[in-house]
Amino acid sequence: MSKVKVIVAGPRGRMGNEAVKLVHGTEGFELAAVIDRKHNGESLSAIEGFHGIEAPVFSDINECFSSVEADVLIDLTTPEVGMFHTETALNHGIRPVVGTTGFTKEDLAKLDSLTKEKGIGCIIAPNFAIGAILMMKFSQMAAKYFPDVEIIEMHHDQKLDAPSGTASKTADMIAAVRETKQQGHPNEKETIQGARGANVDGMHIHSVRLPGLVAHQQVLFGSDGELLTVRHDSFNRASFMSGVKLAVDSVMKLDVLVYGLENIIE
Ligand SMILES: NC(=O)c1ccc[n+]([C@@H]2O[C@H](COP(=O)([O-])OP(=O)(O)OC[C@H]3O[C@@H](n4cnc5c(N)ncnc54)[C@H](O)[C@@H]3O)[C@@H](O)[C@H]2O)c1
Ligand SMILES: O=C(O)C1=N[C@H](C(=O)O)CCC1
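What you see is a predicted model; the values in this text were computed from it and never measured. (Residues numbered from 1 in each chain as written. Chains lettered and ligands numbered in written order. Predicted model: local features only at pLDDT ≥ 70, side-chain atom pairs only at ≥ 80, totals over all residues. Heavy atoms only, no water.)

1. Some words on the site of ligand 2
At step 1: Taken together, Thr101, Pro126, Asn127, His155, His156, Lys159, Asp161, Ser164, Gly165, Thr166, Ala215 and Phe240 are the residues near ligand 2.
At step 2: Within the backbone of glycine 165, an N or O atom sits 2.8 Å from an oxygen atom of ligand 2.
At step 3: Threonine 166 places a polar side-chain atom, nitrogen or oxygen, 2.4 Å from an oxygen atom of ligand 2.
At step 4: Summarising the interface, the protein chains cover 86% of the accessible area of ligand 2, which totals 310 Å² for the free molecule. (Near = heavy atom within 4 Å. Polar contact = N/O pair within 3.5 Å; in protein donor to acceptor, adjacent residues only side chain to side chain. Areas by Shrake-Rupley, 256 points an atom, 1.4 Å probe, with all protein chains shown as cover.)

Here it is as structure tokens:
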């Protein structure tokens, strides 16, 4: 069987670095190229930390897609760049696997119609960690019985977007199964703006950013006399890689946009 040819965008980033190593070390995958803001025209193996991993480096995505034959783009960059890369990949017939977070509902709607128009698969996964997917699924289950929910997401202090993609997705999944509910006292007032966090469908999301953290979330469910906490912690970026592999394998069999790996795993 022929190998899945993969391009990684953002190879020198925290996640991109792991993804390059995953693709390079996976038998059924081939690293076709990388897209990096610097090092155009070099081989990846010449860049510190990638010794022995041969792949051409492109700074221009259109040039990359025109020069290299590829099946899948893994994007791990920034929200604005990720949206541009995803649209460009779809327009070139390359299937995107997007880990980049910070996409708006409008971005997702736009990508959904572009995916339908092109008839190829696309996966946007706010969190690739299998434990995080289960945390979201368990939270959705719990919300049927505990409609009062607060989400606390905690990430490293270099994160650009807030709330996290995982927290937004968790809130969306919970909103899909519970009636809209304004939580807390109906007359509550913030004496310092933002004290109650972001409000999604009556649910509050609190974003913590601290050095030393990687990616953590707890979903609190309160009821009369009891508290249920569903929590997940990623302690390193390797925790995301089995989900990245699953997404690359899965996107090859899809012809629609899938938003969230919970739609892929049983
Ligand atoms: N889905 C998940 O499971 C998951 C897990 C971790 C991080 N993330 C998300 O992945 C993204 C990357 O996270 P990170 O921690 O690796 O960030 P990072 O800042 O370490 O890496 C981002 C990389 O993108 C590169 N980049 C920026 N613009 C570019 C361009 N035009 N072309 C090519 N490369 C470009 C930067 O140079 C940088 O190396 C973020 O959006 C983050 O929220 C998702
Ligand atoms: O490190 C990040 O940034 C992460 N972002 C994702 C999110 O926004 O949910 C997932 C975990 C790590």
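From this point, the narrative continues.
2. Examining the packing of helix 3 (residues 79-91) against helix 4 (residues 105-118)
At step 1: Between helix 3 and helix 4, the shortest axis-to-axis distance is 10 Å and the interhelical angle comes to 10°. Compared by their axis directions, helix 3 and helix 4 come out roughly parallel. Contacts from Met83, Thr86, Glu87, Leu90 and Asn91 of helix 3 reach helix 4 at Asp107, Lys110, Leu111, Leu114, Thr115 and Lys118.
At step 2: Considered class by class, the residues forming the contact of helix 3 with helix 4 number four nonpolar, three polar and four charged. (Axes fitted to C-alpha atoms, helices over the stretch in contact; angles between N-to-C directions. Helix = DSSP H or I, 4+ residues; strand = E, 2+ residues; numbered from the N terminus. Parallel < 35°, antiparallel > 145°, perpendicular 65-115°, else oblique. Contact = heavy atoms within 4.5 Å. Nonpolar A, V, L, I, M, F, W, Y, C, P; charged D, E, K, R; others polar.)

3. Describing the site of ligand 1
At step 1: Neighbouring ligand 1 are 22 residues; Arg14, Met15, Thr101, Ala125 and Phe128 lie closest to it.
At step 2: Backbone polar atom of arginine 14 to an oxygen atom of ligand 1: 2.9 Å apart, as the coordinates give it.
At step 3: In the model, an oxygen atom of ligand 1 is placed 2.8 Å from a nitrogen or oxygen of the methionine 15 main chain.
At step 4: Here ligand 1, which alone exposes 850 Å², has 83% of that area covered by the protein.
At step 5: For the shell around ligand 1, the secondary-structure elements that each account for two or more residues are helix 1 (14-25) and helix 3.
At step 6: Here the residues of the shell around ligand 1 sort into eight nonpolar, eight polar and six charged.

4. Regarding the pairing of strand 1 (residues 4-9)
At step 1: Where burial is concerned, most of strand 1 is hidden: five out of the six residues are buried.
At step 2: Examined bridge by bridge, strand 1 and strand 2 (residues 29-35) share six bridges and lie parallel to one another. Residue pairing in the sheet places valine 6 in a bridge with leucine 31 of strand 2.
At step 3: In this fold, strand 1 hands off to helix 1, which returns the chain to strand 2; that crossover is right-handed. (Buried < 20%, exposed > 50% of the residue type's maximum accessible area, 1.4 Å probe, protein only. Pairing = 2+ DSSP bridges. Right-handed = clockwise from strand over helix to strand, strands pointing away.)

5. A closer look at the side chain of aspartate 36
At step 1: Locating aspartate 36 in the fold gives a position in the loop between strand 2 and strand 3 (57-58).
At step 2: In this structure aspartate 36 comes out as buried when scored by relative accessible area, which is 5%.
At step 3: Polar side-chain contacts of aspartate 36 include one of 2.7 Å to the backbone nitrogen of lysine 38.
At step 4: When residues no more than four places from it in sequence are discounted, the contact partners of aspartate 36 are Pro11, Arg12, Val57, Phe58 and Ser59.

6. Things to note about the nonpolar core
At step 1: Ranked by size, the top nonpolar core spans 55 residues in total, and within it Val8, Leu31, Leu44, Ile74, Phe128, Phe221 and Val248 carry the most contacts.
At step 2: Per element, the largest residue contribution to this core is six residues, and it comes from helix 5 (residues 130-143).
At step 3: Among residues more than four places away in sequence, those in contact with isoleucine 74 are Val6, Ile7, Val8, Ala9, Val23, Val97, Val244 and Val248.
At step 4: Ala33, Phe58, Leu73 and Ile94 belong to the second largest nonpolar core, which has 14 residues in total. (Core = buried A, V, L, I, M, F, W, Y, C linked by side-chain atoms within 4.5 Å.)

7. A look at the sheet that holds strand 3
At step 1: Taken together, seven strands build an open sheet; the order of strands is 3-2-1-4-5-6-12 and the sheet is parallel. Each edge of the open sheet is held by one strand with a lone partner, namely strand 3 and strand 12 (257-259).

8. Thoughts on the packing of aromatic side chains
At step 1: Inspection of the entire model under this criterion finds one aromatic pair.
At step 2: Above the face of the tyrosine 259 ring, lysine 169 is positioned so that its terminal group lies 4.6 Å from the ring centre. (Phe/Tyr/Trp six-rings, centres within 6.5 Å; stacked < 30°, edge-to-face > 60°. Lys NZ or Arg CZ within 6 Å of the ring centre and 35° of its normal.)

9. A closer look at the pairing of strand 9 (residues 203-209)
At step 1: Sheet analysis places strand 7 (residues 149-155) next to strand 9, joined by six bridges and oriented parallel. Across the sheet, residue histidine 155 finds its bridge partner in strand 9, namely arginine 209.

10. Focus: helix 1
At step 1: Taking 1.5 Å per residue as the helical rise, helix 1 with its twelve residues ought to reach 16 Å, and the 17 Å between its terminal C-alpha atoms agrees with that figure.
At step 2: Those residues of helix 1 that sit buried are Met15, Gly16, Ala19, Val20, Leu22 and Val23. Each buried residue of helix 1 lies within a common arc of 165° when the element is viewed along its axis, so the set occupies one face.
At step 3: Buried residues along helix 1 sit against strand 1, strand 2, strand 4 (72-75) and helix 7 (241-251). (Expected span 1.5 Å × (residues − 1). Arc of directions from axis to C-beta.)

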